[in-house]
Amino acid sequence: MEKHIAIIFAGGTGVRMGAGLPKQFIEVYGKPIIIHTLDIFEESDDIDSIYIACKEDYISKLKKMIRRFDIDKVRQIVPGGATGQDSIFNAVQAAASENPEDSLILIHDGVRPCIDGKLIHKNIEIAQKYGNAVTCTAMYETPIVSEDGVEVHDTPPRAKFYTAQAPQTFRLGDVMQAHLKTREENPSYDGIVDTCTLMKKLGNKVHIVSGPRGNIKVTTPEDLFTFKAQLDFKNATSVFGIDD
């Protein structure tokens, strides 16, 4: 039976948040952001197991949190790396040591807690059909190209632009091979910001899954405020029986 695995990377330092600790450990309504994120994969019937790459100094802390909040699907927590892609590679290696290469892995930011089980299911459906799936939202603002950050040099058609988010879903073996090849030729992952970029630079076709605009990555104090607002709205709709 095909395995569905969540790969969560949570190795950030939280410099832009200015909170004095990694942003994934900031508590929102009594629960760290990383736990809000893990809860979604824990509660999804589509997910069999979870592998996490975490800032090494915080692994012990995260293990205690996982026990406290009854996250049962976590199989391994491995140290993060020098870059986000190093962290992902470490977690993918851990998953590869225990699972078949045709497993589907859903690669997700530990500080992207505003998804739901429907989006997870949709990623898996598209990946089963096409071999991969990347959550994206259409761009609603005007895209600007500037060569110097001072002058507008081009305003390309908005209809062609999307923003890549997460989850990003691929076959475990495909991602493993992509990382190994890239680490030989580009060990510092220059120009590679996510798994979508990694796969495209190697010439792979990548397919889009339409995601919600509220699927933010909590990086700044403004993002934190937005996340709290989304939780407030979710709780309100639950109390009043409103279908969101």
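The structure we're discussing is the one just above.
Below is a short write-up of the structure. (Residues numbered from 1 in each chain as written. Predicted model: local features only at pLDDT ≥ 70, side-chain atom pairs only at ≥ 80, totals over all residues. Heavy atoms only, no water.)

### Let's talk about the sheet that holds strand β5 (residues 74-79)
- Spatially, seven strands are ordered β5-β4-β1-β6-β8-β7-β9 in an open sheet, and the strand pairing comes out mixed. Only two strands of the sheet have a single partner each, and these edge strands are β5 and β9 (208-210). Taken over all neighbouring pairs, the strand axes of this sheet differ in orientation by 25 degrees on average, direction set aside.
- Inspection of the sheet shows strand β1 (residues 4-10) paired to strand β6 (residues 104-109) by six bridges, in the parallel sense. Note that in β6 the partner of A6 across the bridge is L106. (Pairing = 2+ DSSP bridges. Helix = DSSP H or I, 4+ residues; strand = E, 2+ residues; numbered from the N terminus. Axes fitted to C-alpha atoms, helices over the stretch in contact; angles between N-to-C directions.)

### Details of the packing of helix α3 (residues 84-96) against helix α5 (residues 172-185)
- Contact geometry of α3 with α5 gives a least axis separation of 10 Å together with a crossing angle of 135 degrees. Classed by the angle they form, the pair α3 and α5 counts as oblique. Crossing handedness for the pair α3 and α5: left-handed. Every residue of α5 that contacts α3 at Q85, D86, I88, F89, V92, Q93, A95 and A96 is listed here: L172, V175, M176, H179, L180 and R183.
- Of the residues assigned to the contact of α3 with α5, the class counts are nine nonpolar, three polar and two charged. (Parallel < 35°, antiparallel > 145°, perpendicular 65-115°, else oblique. Left-handed = near helix turned anticlockwise from the far one by under 90°. Contact = heavy atoms within 4.5 Å. Nonpolar A, V, L, I, M, F, W, Y, C, P; charged D, E, K, R; others polar.)

### With respect to the packing of aromatic side chains
- Under the defined criterion, the tally for this structure stands at one aromatic pair.
- When the ring of F25 is compared with that of Y58, the centres are 5.0 Å apart and the planes differ by 20 degrees; the resulting orientation is stacked. A residue pair is termed long-range when its members are at least 10 positions apart, and F25 in the loop between β1 and β2 (27-28) and Y58 in the loop between β4 (49-54) and α2 (59-68) qualify at 33 residues.
- The exposure class assigned to F25 is buried, which follows from its relative accessible area of 4%. (Phe/Tyr/Trp six-rings, centres within 6.5 Å; stacked < 30°, edge-to-face > 60°. Buried < 20%, exposed > 50% of the residue type's maximum accessible area, 1.4 Å probe, protein only.)

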